[in-house]
Amino acid sequence: MFKKISLSLILSIYAFGFNYNLNPQKVSEDVWCFFGKAEVPSKENGGFMANSCYIDAKDSYVLIDSGTSYKFAKQAYEAMQKIKNLPVSTIVVTHEHDDHWMGNSFYKSTFNAKIYAPKSINENYDENSKPRIFEILDAKDMENTKVIKADEIVSDNANVKVGNKEIRILRIKEKAHTSDDLIVYLPNEKVLFSGDIVMNERITSNRDGSVIGTLKALDTIESFDYNSLVAGHGTLTGKNATEHTKNYFTLLKTRVLEAIEAGITADEITKVVTMDDFKDIAMFDELNSRNVFDAFRELEFYDEE
Ligand SMILES: [Zn+2]
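Basis of the calculations
- Residues numbered from 1 in each chain as written.
- Predicted model: local features only at pLDDT ≥ 70, side-chain atom pairs only at ≥ 80, totals over all residues.
- Heavy atoms only, no water.
- Donors = N, O, S within 2.8 Å, 3.2 Å for Na, K, Ca; no water.
- Tetrahedral: all angles 85-135°; square planar, octahedral: opposite > 155°, others 65-115°.
- Helix = DSSP H or I, 4+ residues; strand = E, 2+ residues; numbered from the N terminus.
- Buried < 20%, exposed > 50% of the residue type's maximum accessible area, 1.4 Å probe, protein only.
- Pairing = 2+ DSSP bridges.
- Contact = heavy atoms within 4.5 Å.
- Axes fitted to C-alpha atoms, helices over the stretch in contact; angles between N-to-C directions.
- Phe/Tyr/Trp six-rings, centres within 6.5 Å; stacked < 30°, edge-to-face > 60°.
- Lys NZ or Arg CZ within 6 Å of the ring centre and 35° of its normal.

A.B. asks: Mind showing me how you'd approach the coordination of the zinc ion here?
C.D. replies: Where a metal carries four tetrahedral donors, each ideal angle is 109.5 degrees; where it carries six octahedral donors, the ideal angles are 90 or 180 degrees. Around the zinc ion, the donor atoms from the protein are His95 (NE2), His97 (ND1), His177 (NE2) and Asp196 (OD), and they sit 2.1 to 2.2 Å away. Viewed at the metal, the four donor atoms of the zinc ion are separated by angles of 87 to 176 degrees, and the geometry they form is irregular. Read in sequence order, the donor residues coordinating the zinc ion give the pattern H-x1-H-x79-H-x18-D. Separated by 101 residues along the polypeptide, His95 in the loop between β5 (88–92) and α3 (104–111) and Asp196 in strand β11 (residues 191–199) bring together distant segments of the chain. The exposure classification of His95 matches that of Asp196, with both residues buried.

A.B. asks: Quick question: what am I supposed to make of the pairing of β11 here?
C.D. replies: Residues in a regular strand point their side chains to alternate faces of the sheet. Most of β11 is tucked away: nine of the nine residues are buried. Here three bridges tie strand β10 (residues 182–186) to β11, and the two strands are oriented antiparallel to one another. Across the sheet, residue Leu186 finds its bridge partner in β11, namely Val191. In this sheet, strand β12 (residues 228–233) lies alongside β11 in parallel orientation, the contact comprising five bridges. In the sheet register, Met199 faces β12, and the bridge partner there is His233.

A.B. asks: I keep staring at the sheet that holds strand β2 (residues 31–34) and nothing clicks. Help me out?
C.D. replies: Pairing between the strands of a sheet is mediated by backbone hydrogen bonds and can be parallel or antiparallel. An order of β1-β2-β3-β4-β5-β6-β7 is seen for the seven strands of this open sheet, with the pairing classed as mixed. The open sheet has two edge strands with one neighbour each: β1 (25–28) and β7 (152–153). One ladder, built from four bridges, connects β2 with strand β3 (residues 52–56); its direction is antiparallel. The residue of β3 that forms the bridge with Cys33 is Cys53. Against the sheet, α3 engages β3, β4 (61–64), β5 and β6 (114–117), with an angle of about 150 degrees to β5.

A.B. asks: Would you mind going over the packing of aromatic side chains with me for this structure?
C.D. replies: Inspection of the entire model under this criterion finds 16 aromatic pairs. On the basis of an interplanar angle of 80 degrees and a centroid distance of 6.3 Å, the ring pair of Tyr20 and Phe48 is categorised as edge-to-face. One end of the pair, Tyr20, is in the loop between α1 (2–16) and β1; the other, Phe48, is in the loop between β2 and β3, and 28 residues separate them in sequence. Through a chain of ring-to-ring contacts, the aromatic side chains of Phe34, Tyr54, Tyr61, Tyr70, Tyr77, Phe106, Tyr107 and Phe111 assemble into a single cluster. Taking the ring centre of Phe134 as reference, the NZ or CZ of Lys130 above it sits at 4.7 Å. Stacked on the ring of Tyr226, the Lys or Arg Lys239 has its end atom at 5.8 Å from the ring centre.

Coordinates in, geometry out; function isn't part of it.
Encoded structure:
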């Protein structure tokens, strides 16, 4: 019996490829999210790290980030159909990292969904671009996945009305998680989607970002009146969802500046600033030293205003 089941399981994986086993979690009235894993992208997790959320706008769904591939997006949609069988009319992409928007290809080809995104998506990618996820997953699991650019660039603020939902999209002025980040706010539902400016339950990746910019952007985010905040990664969605990111960047800034003041050089910085109090948080080994080193480069010539 057991043998029979595992053989059929293997056959189904062979025939259909990666099974994401997706279960949407209700975050607030009309808002569901698929929460990604606090791991680096791999064949084992199918590259599912970033959160992808659905907003029920009565006649259609609005998406905040579309996930890592066509296949992921298709399986997410099939899971949402069981909640309500609506088409997807609109997608907002929070920023250019591939784990957040390769799923656009499914929604574009199936529904011709309208895509709002920062300009970096259209400037830095074209049909021939192969972001890193193409290197990580097998070709079979990336089948039909294509770079689909934005229909509408958000370069400042956009107020979009879809069905019964008012959706405010804001571009963060300073370089924060990347040089081009969007956040999304639902004023009536009091839900905020921060993209990767906020992460919780894992160490952030700051390779394209800024310590100072992220701290400023966190102040902007916290100035909104929200009951739920959905991070780009991590499942905490309460009022304290920003706490981890804020503590990490605040301490990173303070300690790196102190080390610079004490004459520590680039070669020594990751040995001096270890951020050990975060060592039990997921992805510490993969990301922390790099964050410290990048913070040194950023803060080396920093003058507190
Ligand atoms: Zn990111």
